[in-house]
Amino acid sequence: MLCEAKYIDNQKTLISRMRISTEMAKAINDQISYEASSATTYIAIGSWCERIGYDGSAAFFFEQAAEENGHMLKLIHYLNGVGAEAIIPAIEKPPSSFESLESTFQFGLKSEQTVTKAIYDLVDMTEKEKDRSTYSFLQWFVNEQIEEETLFHTILQKFDLLGKDKLAVYQIDQSLTSVRSQVMSKQGASRQV
Ligand code: FEO
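Residues numbered from 1 in each chain as written. Predicted model: local features only at pLDDT ≥ 70, side-chain atom pairs only at ≥ 80, totals over all residues.

### Remarks on the overall build of the protein chain
Turning to step 1, where the next piece is worked out: In terms of regular secondary structure, the protein chain is built from 6 helices and 0 strands.
Turning to step 2, where the next piece is worked out: Counted from the first residue to the last, the protein chain has its helices and strands arranged as α-α-α-α-α-α.
Turning to step 3, where the next piece is worked out: Each principal axis of the C-alpha distribution contributes one length, and for the protein chain these read about 65 × 45 × 20 Å.
Turning to step 4, where the next piece is worked out: With 193 residues in all, the protein chain has 26% of them scored as buried.
Turning to step 5, where the next piece is worked out: When contacts within the protein chain are restricted to residue pairs at least 6 apart in sequence, those whose partners lie at least 24 apart make up 75%. (Helix = DSSP H or I, 4+ residues; strand = E, 2+ residues; numbered from the N terminus. Buried ≥ 20, exposed ≤ 12 C-beta atoms within 10 Å, placed from the backbone. Contact = placed C-beta atoms within 7 Å.)

Written out as C-alpha cells, the structure is:
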C-alpha cells in the first residue's frame, strides 16, 4: 500500500516536471511504437531477402531498420529529456514472407506513408498546443520522411523502367546501395538550398 502511494507521488512529481502536455507525451509514445514496428518489419523483410538471395535488398532493409531504430531512439531521448516517460512498446510479429521483391518495396512505401501521416498529425498537434519545442524537434522527422518516401518511390520506379524479369530484378537488387546514396545526396543538397 505504501509502495503504491509512493509510486503515485512519484508519478505526480514526474508529471509536474514535464515540459510538454500529457497528450503530447502520449502521441510521441505512439510514434515510438510506429518506429519500432517499422524497424522490426524491415528486419523481417531483410531476413526474407537474405533467405531468397537478394543480397543488395537484404543489406538495404537491414540499414533501413537501423535508421528506424535511430528514429525511435531520437523520440525516446526527446521524451526523457523533457521530463516525460518514454514507453518501450511490445511489437506484433511482422510478416515473414513476401510475394516478390517489388512487393517488399511497395510494403515499405506504404509503411513510410503511414509514418509520414502520423508525423504530420503530431506537427498539427504542436501547432494547436503552441508547443514550439516539439514543433522544432519534429522538423527533422518531416525532412526525413520526404527522403524516405523519395527513396522507395525511386526504387519502385526502377521496376517500371527495367521490368520484372529475373535479370531486371537482379540488376535492381544490385543497384540499391547507389540508389540510396544518390537519393540522400540529392535530398541533402536540396535541404542546403
Ligand atoms: Fe522512421 Fe521511416 O519512418
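### What about unusual backbone geometry?
Turning to step 1, where the next piece is worked out: Of note, Lys130 is a non-glycine position whose phi angle comes to about 55 degrees, a positive value.
Turning to step 2, where the next piece is worked out: Topologically, Lys130 is positioned in the loop between α4 (101–129) and α5 (132–162).

### So, the packing of helix α2 (residues 22–52) against α4
Turning to step 1, where the next piece is worked out: In the contact formed by α2 and α4, the axes pass within 11 Å of each other and the chain directions differ by 170 degrees. By the angle between their directions, the pair α2 and α4 is classed as roughly antiparallel. In this structure, α2 uses Met24, Ala27, Gln31, Tyr34, Ser38, Thr41, Ile45 and Cys49 to contact α4, whose residues at the interface are Thr104, Phe107, Ser111, Val115, Ala118, Leu122, Met125 and Glu129.
Turning to step 2, where the next piece is worked out: Across the contact of α2 with α4, the residue classes break down as 10 nonpolar, 5 polar and 1 charged. (Axes fitted to C-alpha atoms, helices over the stretch in contact; angles between N-to-C directions. Parallel < 35°, antiparallel > 145°, perpendicular 65-115°, else oblique. Nonpolar A, V, L, I, M, F, W, Y, C, P; charged D, E, K, R; others polar.)

### Quick look at α4
Turning to step 1, where the next piece is worked out: The end-to-end C-alpha distance of α4 is 43 Å, a good match for the 42 Å that 29 residues give at a rise of 1.5 Å each.
Turning to step 2, where the next piece is worked out: Every buried residue of α4 is listed here: Leu101, Thr104, Phe105, Gly108, Ser111, Glu112, Val115, Leu122 and Thr126.
Turning to step 3, where the next piece is worked out: Taken from the residues just after α4, Lys130 is the one with a positive phi, measuring 55 degrees. (Expected span 1.5 Å × (residues − 1).)

### Some points on α5
Turning to step 1, where the next piece is worked out: If you check α5, its first and last C-alpha atoms are 46 Å apart, about what 31 residues at 1.5 Å a residue would give, namely 45 Å.
Turning to step 2, where the next piece is worked out: The sharpest bend along α5 reaches about 30 degrees and sits at Leu138.
Turning to step 3, where the next piece is worked out: Every buried residue of α5 is listed here: Thr134, Leu138, Phe141, Glu148, Leu151, Phe152 and Ile155.
Turning to step 4, where the next piece is worked out: Two residues or fewer after α5 comes Gly163, characterised by a positive phi angle close to 100 degrees. (Bend = angle between axes of the 7 residues up to and from the residue.)

### Side note on the nonpolar core
Turning to step 1, where the next piece is worked out: Ala25, Ile28, Ile45, Cys49 and Phe61 are the most contacted members of the largest nonpolar core, which totals 27 residues.
Turning to step 2, where the next piece is worked out: Going through the elements one at a time, α2, α3 (55–81), α4 and α5 are the ones with two or more residues in this core.
Turning to step 3, where the next piece is worked out: The biggest single contributor to this core is α2, with 11 residues.
Turning to step 4, where the next piece is worked out: Sequence-distant contacts of Phe61, defined by excluding residues within four places in its chain, comprise Tyr42, Ile45, Gly46 and Cys49. (Core = buried A, V, L, I, M, F, W, Y, C linked by C-beta atoms within 7 Å.)

### Observations regarding the environment of Leu122
Turning to step 1, where the next piece is worked out: Along the chain, the position of Leu122 falls in helix α4.
Turning to step 2, where the next piece is worked out: Classification of Leu122 by C-beta neighbours within 10 Å gives buried; the count is 23.
Turning to step 3, where the next piece is worked out: Sequence separation between Leu122 and Thr134 is 12 residues; the distance between their C-alpha atoms is 8.9 Å.
Turning to step 4, where the next piece is worked out: Ignoring anything within four residues of it in the chain, the contact list for Leu122 reads Ala27, Gln31 and Leu138.

### Things to note about the environment of Leu162
Turning to step 1, where the next piece is worked out: Tracing the sequence through the fold places Leu162 in helix α5.
Turning to step 2, where the next piece is worked out: For Leu162 and Ile172, which are 10 residues apart along the polypeptide, the C-alpha to C-alpha distance reads 8.2 Å.
Turning to step 3, where the next piece is worked out: Setting aside chain neighbours within four positions, we find Leu162 in contact with Ala168, Gln171 and Ile172.

### Looking at the packing of α2 against α3
Geometry of a packed helix pair, given as the angle between the helix axes and the separation of the axes.
Turning to step 1, where the next piece is worked out: Where α2 meets α3, the axes come as close as 8 Å, and the angle between the chain directions of the two elements is 165 degrees. When the interaxial angle is binned, α2 and α3 end up roughly antiparallel. Where α2 crosses over α3, the two elements pack in a sense that is left-handed.
Turning to step 2, where the next piece is worked out: Residues that form the contact of α2 with α3 fall into these classes: 18 nonpolar, 7 polar and 3 charged. (Left-handed = near helix turned anticlockwise from the far one by under 90°.)

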